[in-house]
Amino acid sequence: MQVIRGLHNLRDEHRGCVATIGNFDGVHRGHQAILDQLRERARALGLPVTVVVFEPQPREFFAGDQAPTRLTRLRDKVELLAEHGADRVLCLPFNDTLRSLTARAFIERVLVEGLGVRHLVVGDDFRFGCDRRGDFALLEAAGAERGFGVEHTRSFLLDCERVSSTRVRTLLACGNFAQAARLLGRPYRLAGRVVRDRQLGRTIGVPTANLPQSVRALALQGVYAVIAELPDGRRAEGVANVGWRPTVGSQRPVLEVHLFDFDGDLYDQPLSVVPCAKLRGEVKFDGLDALKTQIGLDQARARRFFATADDSLPLASAPLAREAVTSDSSAGQPADHDDG
């Protein structure tokens, strides 16, 4: 699978493809259905599948810190897109130059001159261009003129509702990891590489593996019972804090994981962590002694949870009010099939 960063890196061999455009945050089952649709068309035409994404995502560019948190880092997104059939990912920097393109200019520069698109699959509510004139009808007209086909994405529903990144975020915030996994098609994971930190956990008898997190990708915050998937393939139960560690302070959010009954060196190694049940929110304690006491309570509660759980992932489904899983509030907005 190829990752192409920017239009300037497109070559003649990249021209001619079946393509789609969006954020694909989380690469959930709705996104996977779009990729299935692309693969069907690509097989019929004998062409590769190209997914066009933006970095930063448009909402992040315009809304900054007020933008929705991400479900997946760019690296994870690319891996998931490849897993579900993408042959190429074109990552366009979303900046003043790109945002200033009219809809017609975007079609010509990106789709026609850049990719030589033969067939395009987008949501019928897709909007683009600084003049806000870019829509499905304009793409159909441009396709007829420039020789590429256009079709809208098929609806993908679970429980009579469209699957969206917004719904997944809501479920994660509620601690409903089982339902979030249904929408994602896999357990939700946090991942990264273990770094050397201040090692304060060792001073209170609770050594931790610390994985720096992006502020943009902080869909969870609090203390959780977790299962870590170790580099050698083993699994280890534990507790984790995701956030800013208010008692000791942190310059950036951290995933801080304490593994039960584990003795080993994980520094500089990749770690994947599956949250299974939310234990509590982040709290600032009056010093390390109070923090140590609470960590002991968190550990005991997590061990009790794992003692009664089966071996499947995810392990928990917290109660969720019906209003928390109503239709995505962003329905009808631009590129809604890849919201967030």
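Up top is the structure.
Residues numbered from 1 in each chain as written. Predicted model: local features only at pLDDT ≥ 70, side-chain atom pairs only at ≥ 80, totals over all residues. Heavy atoms only, no water.

Looking at the packing of helix H7 (residues 165–173) against helix H8 (residues 177–184)
Inference 1: Two elements in contact, H7 and H8, have axes separated by 8 Å at closest approach and are oriented at 160°. Looking at the two axes, H7 sits roughly antiparallel to H8. The hand of the H7/H8 crossing is left-handed. Contact residues: Arg167, Val168, Leu171 and Leu172 in H7; Phe177, Gln179, Ala180, Leu183 and Leu184 in H8.
Inference 2: Class assignment of the residues belonging to the contact of H7 with H8 gives a composition of seven nonpolar, one polar and one charged. (Axes fitted to C-alpha atoms, helices over the stretch in contact; angles between N-to-C directions. Helix = DSSP H or I, 4+ residues; strand = E, 2+ residues; numbered from the N terminus. Parallel < 35°, antiparallel > 145°, perpendicular 65-115°, else oblique. Left-handed = near helix turned anticlockwise from the far one by under 90°. Contact = heavy atoms within 4.5 Å. Nonpolar A, V, L, I, M, F, W, Y, C, P; charged D, E, K, R; others polar.)

Some words on the packing of aromatic side chains
Inference 1: With the rule as written, the count across this model stands at eight aromatic pairs.
Inference 2: With centroids separated by 5.2 Å and ring planes inclined at 75°, the aromatic side chains of Phe61 and Phe94 adopt a geometry described as edge-to-face. Placement of Phe61 in helix H2 (residues 58–63) and of Phe94 in the loop between strand E4 (88–93) and helix H4 (96–99) is noted, with a sequence separation of 33 residues between them.
Inference 3: Taking 5.2 Å as the distance between ring centres and 25° as the angle between the ring planes, the aromatic pair formed by Phe126 and Phe128 counts as stacked.
Inference 4: Site record: aromatic cluster; members linked through ring pairs are Phe54, Phe61, Phe62 and Phe94.
Inference 5: Positioned over the ring face of Tyr267 is Arg196, at 3.9 Å from the centre of the ring.
Inference 6: Its end group placed over the ring of Phe260, Arg303 keeps NZ or CZ at 4.1 Å from the ring centre. (Phe/Tyr/Trp six-rings, centres within 6.5 Å; stacked < 30°, edge-to-face > 60°. Lys NZ or Arg CZ within 6 Å of the ring centre and 35° of its normal.)

Things to note about the pattern of salt bridges
Inference 1: Evaluated as defined, the whole model comprises 16 salt bridges.
Inference 2: A salt bridge links Asp159 to Arg182, with the nearest nitrogen and oxygen atoms 3.0 Å apart. With a gap of 23 residues between them, Asp159 in the loop between strand E7 (157–158) and strand E8 (161–162) and Arg182 in helix H8 connect regions that are remote in the sequence.
Inference 3: Judged by relative accessible area, which is 41%, Asp159 ranks as partly exposed.
Inference 4: Residue classification places Arg182 among the partly exposed residues on the basis of a relative accessible area of 33%.
Inference 5: For Arg235, the salt bridge goes to Glu229, with nearest N and O atoms at 4.0 Å.
Inference 6: When salt bridges with common partners are traced through the structure, they connect Glu55, Glu60 and Arg70 into a single cluster. (Salt bridge = Lys/Arg side-chain N within 4 Å of Asp/Glu carboxyl O. Buried < 20%, exposed > 50% of the residue type's maximum accessible area, 1.4 Å probe, protein only.)

A word on the packing of helix H5 (residues 103–114) against helix H6 (residues 136–146)
Inference 1: Relative to each other, H5 and H6 sit at 50°, their axes nearing to 11 Å. Taken together, H5 and H6 sit at an angle that is classed as oblique. In the packing of H5 onto H6, the handedness of the crossing is right-handed. Touching Ala103, Arg104, Ile107, Glu108, Leu111 and Val112 of H5 are Leu138, Leu139, Ala142, Glu145 and Arg146, all from H6.
Inference 2: Residue composition of the contact of H5 with H6, grouped by class: seven nonpolar, no polar and four charged.

Structural notes on helix H10 (residues 288–308)
Inference 1: With 21 residues, H10 should cover 30 Å at 1.5 Å per step; its first-to-last C-alpha distance of 30 Å lies within 8% of that length.
Inference 2: Those residues of H10 lying buried are Leu291, Gln294, Ile295, Asp298, Gln299, Ala302 and Phe306. Taken end-on, H10 shows its buried residues confined to a sector of 150°, consistent with a single buried face. In H10, the exposed positions angled more than 90 degrees off the buried face are occupied by Asp289, Thr293, Leu297, Arg304, Ala307 and Thr308. (Expected span 1.5 Å × (residues − 1). Arc of directions from axis to C-beta.)

Some words on the sheet that holds strand E6 (residues 149–152)
Inference 1: Pairing within the open sheet is parallel, and its six strands lie in the order E1-E4-E3-E2-E5-E6. Each edge of the sheet is formed by a strand with only one pairing partner; in this case those strands are strand E1 (2–5) and E6. Strand-to-strand, the axes of this sheet are offset by a mean angle of 25°, without reference to chain direction.
Inference 2: As paired elements, E1 and E4 share four bridges and run parallel to each other. When the bridges of E4 are listed, Val3 appears paired with Val89.
Inference 3: Strands strand E2 (17–21), strand E3 (49–55), strand E5 (117–122) and E6 of the sheet are contacted by helix H1 (residues 29–45), whose axis makes an angle of about 160° with E2.
Inference 4: Each of E1, E3 and E4 is contacted by helix H3 (residues 74–83), which is oriented at about 170° to E3, the strand it contacts most. (Pairing = 2+ DSSP bridges.)

Structural notes on the side chain of Asn210
Inference 1: With respect to the secondary-structure elements, Asn210 resides in strand E10 (residues 209–212).
Inference 2: Polar contacts involving the side chain of Asn210 include one to the side chain of Thr208, which spans 3.2 Å.
Inference 3: If near-sequence neighbours (up to four positions away) are discounted, Asn210 is found in contact with Arg193, Val194, Val195, Asp197, Arg245, Val254, Leu255 and Glu256. (Polar contact = N/O pair within 3.5 Å; in protein donor to acceptor, adjacent residues only side chain to side chain.)

Considerations on the sheet that holds strand E14 (residues 270–280)
Inference 1: Taken in spatial order, the six strands make up an open sheet running E9-E14-E11-E12-E13-E10, and their pairing is antiparallel. What marks the edges here is a single partner per strand, and that holds for strand E9 (190–193) and E10. Across the sheet, the mean angle separating the axes of adjacent strands is 35° when strand polarity is ignored.
Inference 2: As paired elements, strand E11 (residues 222–229) and E14 share seven bridges and run antiparallel to each other. Each bridged residue has a counterpart across the sheet, and for Ile227 the counterpart in E14 is Val274.

What to know about unusual backbone geometry
Inference 1: Going from Glu55 to Pro56, the amide bond is cis rather than trans, its omega being 0°.
Inference 2: The phi dihedral of Cys160 is positive, around 70°, even though this residue is not glycine.
Inference 3: The residue Cys160 is located in the loop between E7 and E8 in this model.
Inference 4: For Asp268, which is not glycine, the phi dihedral falls at a positive 70°.
Inference 5: With respect to the helices, strands and loops of the structure, Asp268 is situated in the loop between strand E13 (254–259) and E14.
Inference 6: The exposure class of Asp268 is exposed, given its relative accessible area of 52%.

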